[in-house]
Amino acid sequence: MAKEIISGAEALLRSLRQEGVKTIFGYPGGAIMPVFDELYKYTYNGNNTFEHVLVRHEQAAAHAAEGFARVSGEVGVALVTSGPGATNTLTGVADAMIDSTPIVVIAGQVGTNALGTDAFQEIDLVGVAQPISKWSYQIRRPEDVAWAVSRAFFIARSGRPGPVVLDFPRNAQMQTCEWNPVKVHRVRSYRPYPLLDSKAVEKAAALINGAERPLALVGQGVELGNAQEELVAFLEKAGIPAGRTLLGLSALSSDHPLNVGMLGLHGNYAPNMLTQQCDVLIAIGMRFSDRVIGKPSTYAKQAKIIQLDIDPSEINKNIEVDVPVVADCKESLAAITALLKKRDHSQWRREFDKYEEEERKVVIDPAIHPTDGPLLMGEVVNAVAEATDGTAVLVNDVGLNQMFSSRYFKYGTKRSIVTSGGLGTMGFGLPASVGAAFGTQRQICLFMGDGGFQMSIQELGTIMEHRLPVKMILLNNTYLGNVRQWQDLYYQRRRSFTEMMNPQYEHIAKAYDIGYSLVTDRDQLAQKVKEMLAFDGPYLLECAVKPEENVLPMVVPGKSVDEMSLVLDI
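Residues numbered from 1 in each chain as written. Predicted model: local features only at pLDDT ≥ 70, side-chain atom pairs only at ≥ 80, totals over all residues. Heavy atoms only, no water.

## Quick look at the environment of Asp322
We count it as follows: The secondary structure listing takes helices from DSSP runs of H or I that are at least 4 residues long and strands from runs of E that are at least 2 residues long, numbered from the N terminus. Throughout, exposure labels follow a simple rule: accessible area from a 1.4 Å probe, protein chains only, divided by the maximum for the residue type, with under 20% read as buried, over 50% as exposed, and the rest as partly exposed. The contact criterion used is simple: two residues touch if any of their non-hydrogen atoms lie within 4.5 Å.
Tracing the backbone through its elements, the reader meets Asp322 in the loop between β13 (304-309) and β14 (323-326). Looking at Asp322, the relative accessible area reads 41%, which means it is partly exposed. Considering only alpha carbons, one finds Asp322 and Pro538, 216 residues apart in sequence, at a separation of 50 Å. Setting aside residues up to four positions removed in sequence, Asp322 forms contacts with Ala303, Lys304 and Ile305.

## Notes on empty space enclosed by the protein
Using the following cut-off: Method remark: on a 1 Å grid restricted to protein atoms, a set of points is classed as a cavity if a 1.4 Å probe fits but cannot get out and as a pocket if it is open with protein on both sides within 12 Å along at least five of seven lines; lining residues have an atom within 4 Å of a point. Grid points are joined across faces, edges and corners, and a volume is the space filled by probe spheres set on the points.
Following the criterion strictly, the structure yields 1 cavity of 30 Å³ or more and no others. Computed from the structure, the largest cavity encloses a volume of approximately 60 Å³. Lining of the largest cavity is provided by Arg70, Gln220, Glu223, Leu247, Ser250, Arg415 and Ile417.

## Details of the environment of Lys3
The criterion, for reference: Under the rule applied, a polar contact is a pair of N or O atoms within 3.5 Å (in protein, one hydrogen donor and one hydrogen acceptor; residues adjacent in sequence only if both atoms are side-chain atoms).
Residue placement: Lys3 occurs in the segment before β1 (5-7). For Lys3, a relative accessible area of 45% corresponds to the partly exposed category. For Lys3, the residues in contact, after removing those within four places along its chain, are Glu178, Trp179 and Asn180. Within polar-contact distance, the side chain of Lys3 engages the side chain of Asn180 at 3.1 Å.

## Concerning the packing of aromatic side chains
The condition that has to hold: Side-chain rings of Phe, Tyr and Trp, where Trp is taken by its six-membered ring, are said to pair if the distance between their centres is within 6.5 Å; with planes under 30 degrees apart they count as stacked, over 60 as edge-to-face, and otherwise as tilted. Whether a charge lies above a ring is judged from NZ of Lys or CZ of Arg, which has to be within 6 Å of the ring centre and within 35 degrees of the ring normal.
This structure, assessed with the given rule, holds 17 aromatic pairs. Here the aromatic rings of Phe25 and Phe438 are separated by 5.9 Å at their centres, their planes lie at 75 degrees, and the arrangement is edge-to-face. Of the two residues, Phe25 is situated in strand β2 (residues 23-26) and Phe438 in helix α18 (residues 429-439); the sequence distance between them amounts to 413 residues. Like Phe438, Phe25 is buried. Connected via pairs of aromatic rings, a cluster forms that spans Phe25, Phe68 and Phe438. The cationic tip of Arg151 hangs over the ring face of Trp135; the distance from NZ or CZ to the ring centre is 4.5 Å.

## Observations concerning the pairing of strand β20 (residues 539-544)
Defined as follows: The pairing criterion for strands is at least two bridges between them, as found by DSSP.
Counting buried positions along β20 gives 5 out of 6 residues, so the element sits mostly inside the fold. Bridge analysis of strand β18 (residues 471-476) against β20 gives 6 bridges, and the strand direction is parallel. Note on β20: the bridge partner recorded for Met472 is Leu540. Here strand β19 (residues 515-519) pairs with β20 via 5 bridges, running parallel. Looking at the pairing, Leu518 lines up with Glu542 of β20.

## Details of the sheet that holds strand β16 (residues 417-418)
As a reminder, the rule being used: Angles run from 0 to 180 degrees between N-to-C directions of axes, and those axes are lines fitted to C-alpha atoms, restricted for helices to the stretch in contact.
Read across the open sheet, the 6 strands follow the order β16-β15-β17-β18-β20-β19; overall the sheet is parallel. In this open sheet, the two strands that pair with only one neighbour each are β16 and β19. Pairing geometry for strand β15 (residues 393-396) and strand β17 (residues 444-449), over 4 bridges, is parallel. Across the sheet, residue Val395 finds its bridge partner in β17, namely Leu446. The strands that helix α23 (residues 522-534) touches are β17, β18, β19 and β20; relative to β19, the one it contacts most, it runs at about 170 degrees.

## Observations regarding the side chain of Thr275
Counting through the fold element by element, Thr275 comes out in helix α12 (residues 269-275). Assessed through its relative accessible area of 3%, Thr275 is described here as buried. When near neighbours in sequence (up to four residues on either side) are disregarded, Thr275 contacts Leu215, Tyr299, Ala300, Gln302 and Val561.

## Considering the pattern of salt bridges
Quick reminder of the rule: Counted as salt bridges are all cases of a side-chain nitrogen of Lys or Arg within 4 Å of a carboxyl oxygen of Asp or Glu.
Applying the stated criterion to the full structure yields 25 salt bridges. Note that Asp311 and Arg160 form a salt bridge whose closest N and O atoms lie 2.8 Å from each other. Highlighted residues: Asp311 in the loop between β13 and β14 and Arg160 in the loop between α7 (145-157) and β7 (164-169), separated in sequence by 151 residues. Here Asp311 falls in the buried class, since its relative accessible area comes to 17%. Across the pair Glu386 and Lys410 runs a salt bridge whose closest N-O atoms are separated by 3.4 Å. One end of the pair, Glu386, is in helix α16 (residues 377-388); the other, Lys410, is in the loop between α17 (400-408) and β16, and 24 residues separate them in sequence. A relative accessible area of 45% places Glu386 in the partly exposed class. Judged by relative accessible area, Lys410 falls into the partly exposed class, the value being 26%.

## Section: helix α3 (residues 58-72)
Under the convention used in this document: By this rule the span expected of a helix is its residue count minus one, scaled by 1.5 Å.
For α3, with 15 residues, the first-to-last C-alpha span of 21 Å sits near the 21 Å given by 1.5 Å per residue. Buried residues dominate α3, accounting for 13 of its 15 residues. Following α3 by one or two positions, Gly73 has its phi on the positive side, about 80 degrees.

## Brief notes about the layout of surface pockets
Here is the rule we go by: Gly counts as polar in this scheme, as do all residues outside two lists: the nonpolar Ala, Val, Leu, Ile, Met, Phe, Trp, Tyr, Cys and Pro, and the charged Asp, Glu, Lys and Arg.
Taken as a whole, the second largest pocket encloses approximately 610 Å³ of empty space. Forming the boundary of the second largest pocket are 24 residues, of which Ser254, Asn268, Arg360, Ile364 and Arg407 lie nearest the centre. Breaking the lining of the second largest pocket down by element, the ones donating at least two residues are β11 (259-262), α15 (346-368), α16 and α17. If you tally residues by element for the lining of the second largest pocket, the top one is α15, at 7 residues. When the residues that make up the lining of the second largest pocket are grouped by side-chain class, the tally is 9 nonpolar, 6 polar and 9 charged.

## Looking at unusual backbone geometry
Pro553 follows Leu552 through a cis peptide bond whose omega is -5 degrees. As for its placement among the helices and strands, Pro553 is situated in the segment after β20. Of note in this structure, Ala300 is not a glycine but carries a positive phi near 45 degrees. Turning to its location among the elements, Ala300 is positioned in the loop between α13 (290-293) and β13. The class for Ala300 is buried, based on a relative accessible area of 2%. Phi is positive for Gln492, which is not a glycine, with a value near 50 degrees. With respect to the helices, strands and loops of the structure, Gln492 is situated in the loop between α21 (481-490) and α22 (505-511).

## Comments concerning the sheet that holds strand β4 (residues 76-80)
Strand order across the open sheet formed by 6 strands is β3-β2-β4-β5-β7-β6, with parallel pairing between neighbours. At either margin of the open sheet sits one strand with a lone partner, and together these are β3 (51-54) and β6 (135-138). Neighbouring strand axes in the sheet, compared pairwise and without regard to direction, differ in orientation by 20 degrees on average.

This is the structure in structure tokens:
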């Protein structure tokens, strides 16, 4: 039977369909127009093979792909044009790389005969993207499309996930080839799933069995490896208390008795303090970020350290470990658990209660249950958390809103937090919430500050067009609050360009046909949150919060994690 002859553009779409893609976040332009023209057949006139989501800026396409990937566990896809269209996605690519998020960005490119001539909207995308992606590749022939797409998805989703960038010259989109579907199952020299070392498993189990004060540090690797059940079985069998990183917050439910809180710079007091008192530290799918370890030279020096990670490059990168277990944590956790003795460690767990109680009195209760003064960020987050009771997905931007919402939200289900961790990308929240809304049917609650909101405010147009039921909570303190806090601490309160004049958000919401309400009085807060959640469609709840509120506790830079401050001396 004769083979079908199709264009490179059609080969791309067929290949995406073969990979199970149904949603594409994109923005058309000249160099990618042949693909968008082909996409017309797959989206219009009753053909719903793909849902294309027209974002309002290409950076938003990448962040939306991230949000989609984080809640769904699938690969997010962004489709853009060349030049500025492609470079606009690179912040999202870098964000996805450092946070291990599987996305594929496909960008148009000038024709191969014009490469290197500084043609209109030409950029060396492969060269620019290579250092911040798992793989970047230029598809120069239509015959290579099926292979390149399958390889891209295999690399993006396997092992430690991450972003892949495909550069697609215009002539390769238009030229024709025989359609030969391809499925890539392996890549030479790339081993995404290292073989589990049984001796390492035995050493880890022996250390844990002999421990009197074990502490687990749970990272996003548990979510990425779909190892939530294995984690719970591991912790419960050995009776090990567990702290969670920012990206690992929903890997263990908030109300689990072995959950002792969030680690790091603005994490909870108990896990930070007792990191320095445990005798065995088990890092599970976390990379010992500088925001978690504080002063490296003093970090957990008293403890034997076990690190479970799929990426061998993370072993001994920031912290020297005693037992590395390099494998998918779904596999390594189960193997170690099988060798563990049933332990209680309730006396050790009670040590955390003392610090938890101190933090509750000094920080938490005043933050979420204030009795007077201006509205506080913590009480707004707590009101939404109480109303959703661990069922919603938290999406947030970067800054004080990120720290407060991450600390005080409730996580009852896996894949419940979408945040920019390693790169700290302001403007991430709004487009990421768009992607999350397409990736799950669960309620999306987006927390933003006034600074980050205005970095991507145009994406209200995307929310409007699709009537996405995103509940947006704007914590408006009229400052770039996180920077202001650091200026107050380290720059003698010289607030250099951190105070903001803001627009009338009510008028903006009305222009985009989005529900809106303003909260200035805490007596109104619970009712306003209830109305927001009950509203049919997108909603913006603006909360006028205390302008000079600080997020606490805090590990001051250069200090050990057990020097965490519950109050700030400003």
